[in-house]
Amino acid sequence: MLTKIPFFKIFYFLILFLIISANSIAQLPNVSGSKREHISIDNDWRFALGHAYDVSKDFYYGTGGFSYLAKTGYGDGAASAEFDDRGWRKLDLPHDWAVEQSFSPKGSFSHGSKAIGRNFPEASVGWYRKTFAIPASDLGKHISIAFDGVFRNSIVWVNGHFLGTEPSGYHGFEYNISEYLNYGGNNVIAVRADVTMEEGWFYEGAGIYRHVWLNKTDQLHILPEGTFVTTTVKDNVAGVTATSAISNDSEKPRSFDITQTIIDDKGKALAAKNTTGVVLKPFAAKDIKSLLNVSNPKLWSLDMPCLYQLITTVEENGIVLDSYVTTFGIRTIRFDANEGFFLNGEHVKIQGTNNHQDHAGVGVALPDGLQEFRIRTLKGMGCNAYRCSHNPPTPELLDACDRLGMLVIDENRLMGTTSTQLNDLKRMITRDRNHPSIISWSIGNEEWAIEGNIKGARIAATMQAFAKSVDSTRYITAAISGGIGWGISTVIDVLGYNYVATKNTDEQHKKYPDQFSWGTEEGSTVASRGIYENDPDRHQLAAYDRKQNDFFYSLEQGWKHYASRPYLAGMFIWTGFDYRGEPTPFGWPSVGSYFGMVDACGFPKDDYYYLKSWWTKQTVVHILPHWNWQGKEGQEIRVCTYSNCDEVELLLNKKSLGKKTMEQNGHLEWQVKYQPGTLQAVGYNKGIKVGSDMVKTTLPPVQVKLSANRKAIRADKKDMAIITVEADDKNNLRVPTAQNEATFSITGPGKILGVGNGDPTSLEADKYVERIDLVHIDTLKEKFVDDLNPKAEVAEHYNDSKWQNAFMDTRDDEFGRKVKAIVYRAGFNMPADVAAATATFFSKNIGTVQNIFINGKEIGHQIKVADLNTDFKLDASLLHPGNNTLAIVATPLLKANIWASVNTDPGLIQLVYPPAPYKRKLFSGYAQVIVQSTGQPGTIVLKASSPGLKSSAFEITAAEK
Ligand code: GAL
């Protein structure tokens, strides 16, 4: 007898069959014909500082009779394609010019007191220019330039055409430049960034500090950031909803097919969906949405952050035109108002940190590898969540979080509900929505004017609803410092508490039992790494965890609050890494924050081990302070241990000072009378020794020691290694109090990107870059002569006081008939240290043929107008401090027609001063050097020397793969 199978079961099996068969037929898409190119254009830019209001120092942009806003293609000065940028500095992106500036008490202290901003108009505008070739065969393609982020208020031109202004320093932006390009020729991008105004209250950097790309596609293409992948998981099958937005930017209707294919981390196709016969009118766009299934998905988790890819291809008449790869993860997230946060159905207590974008040595211009280093450092103490305070981050940071398994709050900069502000929120979400690491969009942080009132409630409610309309799969949060029970806290889905010492979270939970909540900022402790005595005069704070004041808990109090309340999903420490600016509780001359669990280089402070004890399952025993207290013999020293063992025993010179029992989420303390030697902490679980830590009194340092996070890097001009510098005593013990200054040199295919030591009071340079002075020669006088060979008039000290100013007569044909040749003369000043510089005269022709003399010596002979823009290296003996003379004998340049003008600029002298060698003092025994590949394979050798110490060398291999 046949058993009756219920319909829903048949349906279930049918679905399963379809999934399995769909999976078994899925093929890797053919992407070989795709016209899409995603080209990094980070290398070979020119850079110079302009000026916030002095047009003559801002390369005269916007001064023409018709400005770039009046007529397209009218970019003038440095915005013009013809502008002569030969004297500008050459550099590769990412670049942050703020970090290259000196410190000043007049700088913004919240930004790290760098000499930029409102008080420094001469250092607050930066110009970037790049020349790039476009082949003739590209004609007909859709070509755009994409900036991942420029700080800030950038204006971009291509070939003198104004493309747009982007006020935000944190959003990416992309301009279609297809119509403006010279196909089969050179093209020029010019960017002006202006950091006169700040956006935040923390170090923000300056310039093109993220990557820049050239994107080429067919006119029919997948829109930038046009894919959106969401996932659900049920009965071990993932439902993947893949949306791909296609745009037809051509003038004809297009009919095409779309294939969306999911591949796994091994490159195997798992599921695919074809959508055929899609038709798009000219300049129309459409979302193609498919549901694909992945059975037995490998879920993205903190320990196994498995990633998949969606490959979207666009095919027309059987020809693949476009393909686009979207990386995503399969995972579920859920908040519960009583139990906190769940990832893939498993409870995860949020053990988060807040972080700004900057790192020692490099400011905000981080090479991608440094993002990975920072996330790994945070994971090392058990941190599982990262709040991008207080702005959308660099894309590669999110990639690192996806790859390494770190949850993320992605945060909007300024709260508001105008269309511009909502659009900024949308831009953040649209750019970042495929990152599995992101679990929450934060609409804002501590908006003091509104957070506790009705306007705040309205603004937050609108922003929250708007954010959900763009992405309904993430939870919306806002970080609030006050007004709990009012304003934003009454409407927000996930309430973010900033600092609970002054707030009653239990009361709010009782009042709003359905509201999810977490601590968006907590544990605001302040400490100098490796320092164990407060010294207010030197702005040093002992690294023992403590309450800053009545408004903040200590780290331990903060964590205990969150750990003991299941309804609180967890907390984000303020902060993971130290950052530049906000040197609370000090001001100038402190320039960096004290909040970090690790310093600005990533060297752990002791608090790191408190967290590691309670945030990881590894056995931790950590002891503080160091044991170098010469002169304090017999005096009591406060000793703490951080550990997750049941008991910790302390031994001074092998003599037990007793065992103490560890309280959950606590720490242990002793007062120990100082004797040099060893102080050891031994951890026991159930009476069995499971771990230990020891501090030892050291001798004075005798040698510099170098070590690195990596010994081999890729020879790709991007990869990098992080070198730790320390000073050891003769027994190879690191001296924790060493403050020696080390000087660095590098050979082989590598360069130093920057140095740091984690000292918030250090006013030492992060970067040593060449100094470039440009000496313009602009007050020419002239005398008409018979031929190109006058002798006396070109001499250095010839008296030309009676000569007329040059170019007073119109350079028309009549002038040409009258005047055979002209001697032009101008004086120019050279600085006292000119001999230390490499000097180049970047000449521009002011005659059809010209001979050029500097201080009476001929440097250029019979230079023809066709030889355009000739460069002359000037021998050191040619120039001297004070007044020098340029003389040019030329046959006249004439106007081609009455509207034309002739060049009156003879060129400029560039003085390049080589940078001083990199150096840095050790702070509490450590410094850091970041070394980057210069592109070629080979052995990079970093050497460190320090007066009185044995020097050291470290080798890094740069290899092609
Ligand atoms: C918070 C703020 C953070 C940081 C911190 C310093 O109020 O949200 O950005 O400024 O204070 O204590």
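Quick notes on the rules
- Residues numbered from 1 in each chain as written.
- Predicted model: local features only at pLDDT ≥ 70, side-chain atom pairs only at ≥ 80, totals over all residues.
- Heavy atoms only, no water.
- UniProt positions renumbered as here; feature names shortened; annotations may be inferred.
- Helix = DSSP H or I, 4+ residues; strand = E, 2+ residues; numbered from the N terminus.
- Salt bridge = Lys/Arg side-chain N within 4 Å of Asp/Glu carboxyl O.
- Core = buried A, V, L, I, M, F, W, Y, C linked by side-chain atoms within 4.5 Å.
- Buried < 20%, exposed > 50% of the residue type's maximum accessible area, 1.4 Å probe, protein only.
- Contact = heavy atoms within 4.5 Å.
- Near = heavy atom within 4 Å.
- Polar contact = N/O pair within 3.5 Å; in protein donor to acceptor, adjacent residues only side chain to side chain.
- Areas by Shrake-Rupley, 256 points an atom, 1.4 Å probe, with all protein chains shown as cover.
- Nonpolar A, V, L, I, M, F, W, Y, C, P; charged D, E, K, R; others polar.
- Pairing = 2+ DSSP bridges.
- Axes fitted to C-alpha atoms, helices over the stretch in contact; angles between N-to-C directions.

(A) Main features of the UniProt feature "domain: DUF4982" (unreviewed entry) in the protein. Under the present numbering, the feature "domain: DUF4982" (unreviewed entry) in UniProt falls on residues 634-690. Between the first and last C-alpha atoms of residues 634-690 the distance is 31 Å; the span itself is 0% helix and 67% strand.

(B) Expanded view of the pattern of salt bridges. The full count for this structure, using the stated rule, is 52 salt bridges. Taking the shortest distance from any N to any O, the salt bridge between E372 and R376 comes out at 2.8 Å. Of this pair, E372 and R376 both sit in helix α2 (residues 368-380), 4 residues apart, roughly one helical turn. In this structure, E372 engages R403 in a salt bridge whose closest nitrogen and oxygen atoms are separated by 2.7 Å.

(C) Layout of the nonpolar core. I443, W627 and L679 are the most contacted members of the largest nonpolar core, which totals 77 residues. Ignoring anything within four residues of it in the chain, the contact list for I443 reads N412, M415, L425, A460, M463, I476, T477, A478 and I492. Of all hydrophobic cores here, the second largest spans 50 residues; its members include A123, L163, Y170 and Y209.

(D) Region of interest: the site of the ligand. Within the structure, the ligand sits among W201, H390, N445, E446, N498, Y499, E521, W574, E582 and F595. The side chain of H390 places a nitrogen or oxygen atom 2.5 Å from an oxygen atom of the ligand. Here E446 contributes a side-chain N or O atom positioned 2.5 Å from an oxygen atom of the ligand. Contact with the protein chains hides 87% of the accessible area of the ligand, taken as 310 Å² for the molecule alone. Residues that form the shell around the ligand fall into these classes: 4 nonpolar, 3 polar and 3 charged.

(E) Looking closely at the sheet that holds strand β15 (residues 284-295). With respect to topology, 3 strands assemble into an open sheet ordered β11-β12-β15, the strand pairing being antiparallel. Here the strands that pair on one side only, and so sit at the sheet edges, are β11 (220-234) and β15. Taken over all neighbouring pairs, the strand axes of this sheet differ in orientation by 15 degrees on average, direction set aside. In the sheet, strand β12 (residues 237-248) pairs with β15 via 12 bridges, with the strands oriented antiparallel. Paired with G239 across the bridge in β15 is N293.

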